[in-house]
Amino acid sequence: HGIHELLQRRNGELRLAGILNGISDEWSPITDPKIPRNYRLSDVQEGKAVCKEALQKELGLEVDPEACLIGFCGRLCFQKGVTLIMASVDWMMHGQPNRCQLIVMGKGEPALSSKVAEAEARFRGR
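Source: prediction; values computed, not measured.

Definitions and cut-offs
- Residues numbered from 1 in each chain as written.
- Predicted model: local features only at pLDDT ≥ 70, side-chain atom pairs only at ≥ 80, totals over all residues.
- Heavy atoms only, no water.
- Core = buried A, V, L, I, M, F, W, Y, C linked by side-chain atoms within 4.5 Å.
- Buried < 20%, exposed > 50% of the residue type's maximum accessible area, 1.4 Å probe, protein only.
- Helix = DSSP H or I, 4+ residues; strand = E, 2+ residues; numbered from the N terminus.
- Contact = heavy atoms within 4.5 Å.
- Salt bridge = Lys/Arg side-chain N within 4 Å of Asp/Glu carboxyl O.

**Student:** Looking at this model, I keep getting lost on the nonpolar core. Mind explaining?
**Tutor:** One broad trend across soluble globular proteins is that nonpolar side chains are buried collectively. Formed by 13 residues in total, the largest nonpolar core has its most connected members in L76, V82, M86, V89, M92, M93 and L102. Listed by contribution, the elements that provide at least two residues to this core are α3 (82-94), β2 (100-105) and α4 (110-122). With five residues, the top contributor of residues to this core is α3. Non-local contacts of L102, meaning those with residues more than four positions away in its chain, are made with I70, I85, V89, M92, M93 and R126.

**Student:** For this particular structure, what's the right way to read the pattern of salt bridges?
**Tutor:** It is possible for side chains of opposite charge to pair when their charged atoms get near one another. Applying the stated rule across the entire model yields six salt bridges. The salt bridge involving R99 is made with D64; its shortest N-O contact spans 3.0 Å. Here D64 lies in the loop between α2 (44-58) and β1 (68-73) and R99 lies in the loop between α3 and β2, a separation of 35 residues in the sequence. For R99, a relative accessible area of 40% puts it in the partly exposed group. When its relative accessible area of 16% is taken as the criterion, D64 is described as buried.

Listed below in C-alpha coordinates is the structure:
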(Lines give C-alpha, C1' and ligand atoms only; values in the text may rest on other atoms or scores of the structure.)
Protein backbone atom coordinates (compact mmCIF):
# COMPACT_ATOMS: atom_id res chain seq x y z
CA HIS A 1 0.00 0.00 0.00
CA GLY A 2 1.02 3.58 -0.29
CA ILE A 3 4.20 4.45 -2.12
CA HIS A 4 4.77 0.98 -3.62
CA GLU A 5 1.91 1.35 -6.12
CA LEU A 6 2.97 4.89 -6.98
CA LEU A 7 6.52 3.76 -7.72
CA GLN A 8 5.27 0.88 -9.85
CA ARG A 9 3.10 3.24 -11.92
CA ARG A 10 5.94 5.76 -12.37
CA ASN A 11 8.52 3.07 -13.18
CA GLY A 12 7.88 3.32 -16.92
CA GLU A 13 8.64 7.03 -16.87
CA LEU A 14 12.28 6.31 -15.92
CA ARG A 15 12.08 9.05 -13.32
CA LEU A 16 13.93 6.98 -10.73
CA ALA A 17 17.60 6.44 -11.43
CA GLY A 18 20.81 6.29 -9.52
CA ILE A 19 24.29 4.87 -9.29
CA LEU A 20 24.31 1.41 -7.76
CA ASN A 21 26.66 1.75 -4.77
CA GLY A 22 28.83 4.12 -6.76
CA ILE A 23 29.94 1.35 -9.13
CA SER A 24 31.08 2.70 -12.47
CA ASP A 25 31.60 0.74 -15.65
CA GLU A 26 34.01 3.34 -16.99
CA TRP A 27 37.11 1.80 -15.38
CA SER A 28 39.46 -0.03 -17.70
CA PRO A 29 42.64 -1.98 -16.89
CA ILE A 30 43.88 -1.00 -20.34
CA THR A 31 44.25 2.67 -19.40
CA ASP A 32 44.33 2.84 -15.59
CA PRO A 33 47.52 4.71 -14.61
CA LYS A 34 47.29 3.53 -10.98
CA ILE A 35 47.84 -0.19 -11.51
CA PRO A 36 51.36 -1.60 -11.89
CA ARG A 37 50.65 -3.20 -15.25
CA ASN A 38 47.97 -2.44 -17.77
CA TYR A 39 46.39 -5.37 -19.52
CA ARG A 40 43.70 -6.31 -21.98
CA LEU A 41 41.79 -9.47 -22.75
CA SER A 42 44.71 -10.98 -24.67
CA ASP A 43 47.01 -10.85 -21.61
CA VAL A 44 44.52 -10.68 -18.73
CA GLN A 45 46.02 -13.61 -16.80
CA GLU A 46 49.54 -12.17 -16.83
CA GLY A 47 48.37 -8.62 -16.10
CA LYS A 48 46.18 -9.62 -13.18
CA ALA A 49 48.97 -11.77 -11.73
CA VAL A 50 51.36 -8.78 -11.75
CA CYS A 51 48.74 -6.54 -10.14
CA LYS A 52 47.85 -9.16 -7.51
CA GLU A 53 51.50 -9.64 -6.54
CA ALA A 54 52.01 -5.88 -6.25
CA LEU A 55 48.92 -5.54 -4.03
CA GLN A 56 50.03 -8.42 -1.82
CA LYS A 57 53.45 -6.79 -1.37
CA GLU A 58 52.01 -3.31 -0.75
CA LEU A 59 49.68 -4.60 1.97
CA GLY A 60 52.25 -6.87 3.64
CA LEU A 61 50.52 -10.08 2.59
CA GLU A 62 52.35 -13.28 1.73
CA VAL A 63 52.99 -13.30 -2.01
CA ASP A 64 51.01 -16.31 -3.15
CA PRO A 65 49.74 -16.47 -6.73
CA GLU A 66 47.43 -19.35 -5.81
CA ALA A 67 45.73 -17.61 -2.87
CA CYS A 68 42.13 -16.54 -3.18
CA LEU A 69 42.32 -12.79 -2.56
CA ILE A 70 39.06 -11.44 -1.13
CA GLY A 71 38.41 -7.75 -0.62
CA PHE A 72 35.77 -5.68 1.13
CA CYS A 73 35.59 -1.90 1.05
CA GLY A 74 32.67 -0.33 2.83
CA ARG A 75 31.07 0.70 6.08
CA LEU A 76 31.74 -1.78 8.88
CA CYS A 77 28.17 -2.51 9.94
CA PHE A 78 25.65 -5.31 10.11
CA GLN A 79 23.76 -4.10 7.02
CA LYS A 80 26.81 -4.51 4.79
CA GLY A 81 27.36 -8.14 5.78
CA VAL A 82 30.51 -7.59 7.79
CA THR A 83 29.26 -9.89 10.55
CA LEU A 84 29.03 -12.68 7.95
CA ILE A 85 32.55 -11.99 6.73
CA MET A 86 33.96 -11.99 10.26
CA ALA A 87 32.08 -15.19 11.13
CA SER A 88 33.78 -16.85 8.13
CA VAL A 89 37.36 -15.71 8.81
CA ASP A 90 38.49 -18.90 10.58
CA TRP A 91 37.03 -21.04 7.80
CA MET A 92 38.72 -18.90 5.14
CA MET A 93 42.08 -19.02 6.88
CA HIS A 94 42.07 -22.70 7.92
CA GLY A 95 39.90 -24.49 5.39
CA GLN A 96 41.98 -26.67 3.10
CA PRO A 97 42.73 -26.55 0.27
CA ASN A 98 41.64 -22.93 0.72
CA ARG A 99 44.45 -20.43 0.77
CA CYS A 100 42.62 -17.19 1.32
CA GLN A 101 43.80 -13.69 1.97
CA LEU A 102 41.34 -11.09 3.20
CA ILE A 103 41.51 -7.33 2.74
CA VAL A 104 38.99 -5.30 4.74
CA MET A 105 38.94 -1.52 4.42
CA GLY A 106 36.43 0.70 6.16
CA LYS A 107 35.21 2.44 9.26
CA GLY A 108 32.11 1.82 11.27
CA GLU A 109 30.76 0.15 14.35
CA PRO A 110 33.47 -0.09 17.04
CA ALA A 111 32.67 -3.73 17.83
CA LEU A 112 33.15 -4.75 14.20
CA SER A 113 36.27 -2.61 13.87
CA SER A 114 37.69 -4.49 16.86
CA LYS A 115 36.87 -7.86 15.28
CA VAL A 116 38.61 -6.82 12.05
CA ALA A 117 41.70 -5.68 14.01
CA GLU A 118 41.70 -8.93 16.00
CA ALA A 119 41.54 -11.03 12.83
CA GLU A 120 44.35 -8.98 11.30
CA ALA A 121 46.54 -9.63 14.34
CA ARG A 122 45.75 -13.36 14.33
CA PHE A 123 46.32 -13.84 10.63
CA ARG A 124 49.02 -11.30 9.83
CA GLY A 125 50.20 -11.71 6.26
CA ARG A 126 46.93 -13.32 5.21
